[in-house]
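Structural features, examined
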Amino acid sequence: MIGYATIGTNDLERARGFYDALSAVIGAKRLMEMEHGFTMYGTGFGQAAICVTPPHDGQAATPGNGAMIAIVVDERAKVDALHAKAVALGGSCEGPPGVRGDEGPQAFYGAYFRDLDGNKLCAFRVGPA
């Protein structure tokens, strides 16, 4: 249902470096760059994507209070790897990898982190280990 989510940055080249390295962990990459810095990351067109850009209104980018982008992956090891890479790149931990709730066939395994501009992301997998 969601095509893409856009988050703001105050330092486009720094954000691109962060998302270039982070997206590579799960086989994603830059899909599009447009004038004014809009940059899209994903695994392919027609799939959900994350975009970073300086705000269109020219004002400072600020993280949304309560806003978060969740990235679905196909195995728990990728949750761990995305979280570790984000923190290694200078992002901050907002909740280490682990099961939220009970283990089982519909277990939610997630990890939370913030990018270099303070935007909150979650990497997750639903299902058994």
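To be clear, the structure that these remarks concern was listed above.
Figured I'd write up the structure that's included with this text. (Residues numbered from 1 in each chain as written. Predicted model: local features only at pLDDT ≥ 70, side-chain atom pairs only at ≥ 80, totals over all residues. Heavy atoms only, no water.)

1. Re helix α2 (residues 76-88)
How we decide: Where helices and strands are cited, they refer to DSSP runs of H or I of at least four residues and of E of at least two residues respectively, numbered from the N terminus. The span you would expect from a helix comes to 1.5 Å times its residue count less one. Here the term buried applies to any residue with accessible area under 20% of the maximum for its type, exposed to any over 50%, and partly exposed to those in between, with areas from a 1.4 Å probe on protein chains only. Read the arc as the range of directions from the helix axis to the C-beta atoms. Residues are treated as being in contact if the distance between any of their heavy atoms lies within 4.5 Å.
Here α2 is 13 residues long and its end C-alpha atoms lie 18 Å apart, about the 18 Å a rise of 1.5 Å per residue gives. For α2, the full list of buried residues reads R76, V79, L82, H83 and A86. All buried residues of α2 lie within an arc of 125° about the axis, which places them on one face of the element. Buried positions along α2 lie against α1 (12-24), β5 (69-72), β6 (92-100), β7 (108-114) and β8 (120-126). Remark: G90 follows α2 within two positions and exhibits a positive phi of approximately 105°.

2. Quick look at the pairing of β5
Here is the rule: Pairing between strands requires that DSSP locate at least two bridges from one strand to the other.
What you see with β5 is a clean split: I69 and I71 sit on the buried side and A70 and V72 on the side with no burial. Pairing of β5 with β8 involves four bridges; the strand directions are parallel. In the strand pairing of β8, A70 is matched with C122.

3. Re α1
End to end, α1 covers 18 Å across 13 residues, agreeing with the expected 18 Å (1.5 Å per residue, within 8%). Looking at α1, one finds that the buried residues are L12, A15, R16, F18, Y19, L22 and S23. Seen from one end, α1 has its buried residues packed into an arc of 165°, which puts them on one side. Facing away from the buried side of α1, by more than 90 degrees, are the exposed residues E13 and A24.

4. Quick notes on the side chain of R16
Stated formally: For this analysis, a polar contact is any N or O atom pair within 3.5 Å, provided that within protein one partner can donate a hydrogen and the other can accept it, and provided that sequence-adjacent residues contribute only side-chain to side-chain pairs.
Turning to its location among the elements, R16 is positioned in helix α1. A distance of 3.5 Å separates the side chain of R16 from the backbone oxygen of G37, its partner in a polar contact. A polar contact of 2.8 Å, which involves the side chain of R16, links it to the side chain of T39. Ignoring anything within four residues of it in the chain, the contact list for R16 reads R30, E33, G37, T39 and Y41.

5. Considerations on the layout of surface pockets
For clarity, the cut-off: Only protein atoms enter the 1 Å grid, on which a cavity is a set of points fitting a 1.4 Å probe that cannot get out and a pocket is an open set with protein on both sides within 12 Å along at least 5 of 7 lines, lining residues being those with an atom within 4 Å of a point. Grid points are joined across faces, edges and corners, and a volume is the space filled by probe spheres set on the points.
Taken as a whole, the largest pocket encloses approximately 540 Å³ of empty space. Lining the largest pocket are 25 residues, and of these A48, A49, I50, I71 and V72 sit closest to its centre. Listing elements by their share of the lining of the largest pocket, those giving two or more residues are β1 (4-8), α1, β3 (39-42), β4 (49-53), β5 and α2. The greatest single-element share of the lining of the largest pocket, amounting to four residues, is contributed by β5.

6. Digging into the sheet that holds strand β2 (residues 29-33)
Heads up, the rule is: Each axis is a line fitted through C-alpha atoms, taken for helices only over the stretch in contact, and angles between the N-to-C directions span 0 to 180 degrees.
Spatial ordering of the open sheet is given by β1-β4-β3-β2, a layout of four strands whose pairing is mixed. Edge positions in the sheet fall to β1 and β2, since each of these pairs with one other strand and no more. Strand-to-strand twist of the sheet, defined as the mean angle between neighbouring strand axes without regard to direction, takes the value 25°. Pairing of β3 with β4, which is carried by four bridges, proceeds in the antiparallel orientation. From the neighbouring strand, M40 faces β4, where its bridge partner is C51. Sheet strands touched by α1: β1, β2, β3 and β4. Its angle to β3, the strand with the most contacts, is close to 10°.

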